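Here is how the chains run, residue by residue.
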Amino acid sequence: MQILFLILGLVGGIAGGMGLGGGTILIPLLSIFLGVAQKEAQLFNVFSFVIMAVFVVSIYIKNKLINVFPALVFSVFGSVFATISALLVKNLQNNILKVCFGIFLIILAVIQLFVLIVKKNQNN
Amino acid sequence: MGSKAKLLLFFLSSVLVGIINGIFGGGGGMLCVPLLKMFLKIDDKQAHATTVFIMAIISIPTIIVYITTLSFSLINAILLTIGVLFGGLIGSKLLKTLNNKTINIIFILIMFISGIKMIF
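Residues numbered from 1 in each chain as written. Chains lettered and ligands numbered in written order. Predicted model: local features only at pLDDT ≥ 70, side-chain atom pairs only at ≥ 80, totals over all residues. Heavy atoms only, no water.

When its secondary structure is counted, chain A shows five helices and zero strands. Helices (α) and strands (β) of chain A occur, in sequence order from the N terminus, as α-α-α-α-α. For chain A, with 124 residues in total, the buried portion stands at 48%. Here the contacts in chain A between residues at least 6 apart in sequence split such that 49% fall between residues at least 24 apart. Carbon and sulfur atoms provide 72% of the accessible area of chain A, an area that totals close to 6100 Å². (Helix = DSSP H or I, 4+ residues; strand = E, 2+ residues; numbered from the N terminus. Buried < 20%, exposed > 50% of the residue type's maximum accessible area, 1.4 Å probe, protein only. Contact = heavy atoms within 4.5 Å. Areas by Shrake-Rupley, 256 points an atom, 1.4 Å probe, with all protein chains shown as cover.)

This is the structure in structure tokens:
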């Protein structure tokens, strides 16, 4: 059973490594296949992401790929509101959060499709 | 659009990304990358790199709040993380397929189906 977490991590990591946004399939994988509670799945996702990000970001910094101004603005404001939001969902029920996440996934899918279409039109 | 309005939207975007991360613990990056490309004239690589950095920073308070407010299995978290690390290594080697339209469409479908499954 526990090896399944290793395997799902591998799958999610591959997706994330390809730049597809690993968290957006990792959380559904954990929830659907392993029955992990929504908040726990979210914690697992964000935790594993940060650990991996430590390695990846060091390379990005070396290659000077990080834009300082947006990095600063988004990090500061993002952190403040991430804190507030995380505290707000503290008491939200897992099954409600799960449904919300499902809706969020569908919205993301639509946005991604839109981005893809825009890209395709730009190339023509 | 006036530059003041654009600046305001820029800051509001950072707020949105933070909120998404706090509520869902993920998915913020998928909004952050196109937002950065929209507001700044930077290429895919920079937008992606800057986003990963931002997500890593704002995820820290999220993790702290989550860890202190819910019960979880540390062993499973570690096993998952090990998998993610190796997966990320493999995935980055496959990065060339990133611009492959087919892969992107498959991923969009996976997200869509997963979303439906999680709602019902």
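Before going further, it helps to examine the overall build of chain B. Within chain B, the regular secondary structure consists of five helices and zero strands. Counting only C-alpha atoms and orienting by the principal axes, one finds that chain B spans roughly 50 × 40 × 30 Å. When each of the 120 residues of chain B is scored for burial, the buried share is 46%. The long-range share in chain B, meaning contacts at least 24 apart out of those at least 6 apart in sequence, stands at 46%. Here chain B displays about 6100 Å² of accessible surface, and carbon together with sulfur accounts for 77% of that area.

Moving on to the side chain of Asn 76 of chain B. Inspection of the secondary structure assignment puts Asn 76 of chain B in helix H4 (residues 74-93). Residue Asn 76 of chain B is classed as buried on the basis of its relative accessible area of 11%. At 2.8 Å, the side chain of Asn 76 of chain B forms a polar contact with the side chain of Gln 2 of chain A. Discounting chain neighbours no more than four positions away, the residues touching Asn 76 of chain B are Gln 2, Phe 5 and Phe 44 of chain A. (Polar contact = N/O pair within 3.5 Å; in protein donor to acceptor, adjacent residues only side chain to side chain.)

Before going further, it helps to spend a moment on the interface of chain A and chain B. Of the residues lining the interface, 80 residues belong to chain A; the matching set on chain B comes to 85 residues. Both faces considered, chain A and chain B share a buried interface measuring about 7400 Å² in area, 82% of it formed by carbon and sulfur atoms. Taken as a group, Met 18, Leu 20 and Phe 74 of chain A account for 10% of the area that chain A buries against chain B, more than any other trio of residues on that side. Linking chain A with chain B are zero salt bridges. Taken together, the connections running from chain A to chain B amount to twelve residue pairs in polar contact (both at pLDDT 80 or more). For the side of chain A that touches chain B, the secondary-structure elements that each account for two or more residues are helix H1 (2-17), helix H2 (23-34), helix H3 (38-62), helix H4 (68-88) and helix H5 (94-123) of chain A. Within the side of chain A that touches chain B, the residues separate by chemical class into 54 nonpolar, 20 polar and six charged. (Buried area = accessible area lost by both parts, 1.4 Å probe. Salt bridge = Lys/Arg side-chain N within 4 Å of Asp/Glu carboxyl O. Nonpolar A, V, L, I, M, F, W, Y, C, P; charged D, E, K, R; others polar.)

Inspection of every chain in the model, using the stated rule, returns one salt bridge over all chains. Linking Asp 44 of chain B and Lys 37 of chain B is a salt bridge whose minimum nitrogen-to-oxygen distance equals 2.2 Å.

Another aspect to go through is the packing of H5 of chain A against helix H5 (residues 101-119) of chain B. Helix-helix packing: each pair is described by the crossing angle between the helix axes and the interaxial distance. Packing of H5 of chain A against H5 of chain B leaves a shortest axis separation of 7 Å and a crossing angle of 160°. When the interaxial angle is binned, H5 of chain A and H5 of chain B end up roughly antiparallel. Between H5 of chain A and H5 of chain B the crossing geometry is left-handed. Each residue belonging to the contact of H5 of chain A with H5 of chain B can be placed in one class, and the counts come to 16 nonpolar, five polar and three charged. (Axes fitted to C-alpha atoms, helices over the stretch in contact; angles between N-to-C directions. Parallel < 35°, antiparallel > 145°, perpendicular 65-115°, else oblique. Left-handed = near helix turned anticlockwise from the far one by under 90°.)

So, on to the confidence of the model for chain B. Looking at chain B as a whole, the pLDDT averages 92, with 96% of positions reaching at least 70. In the predicted assembly, ipTM is 0.93 and pTM is 0.93. (pLDDT = per-residue confidence, 0-100.)

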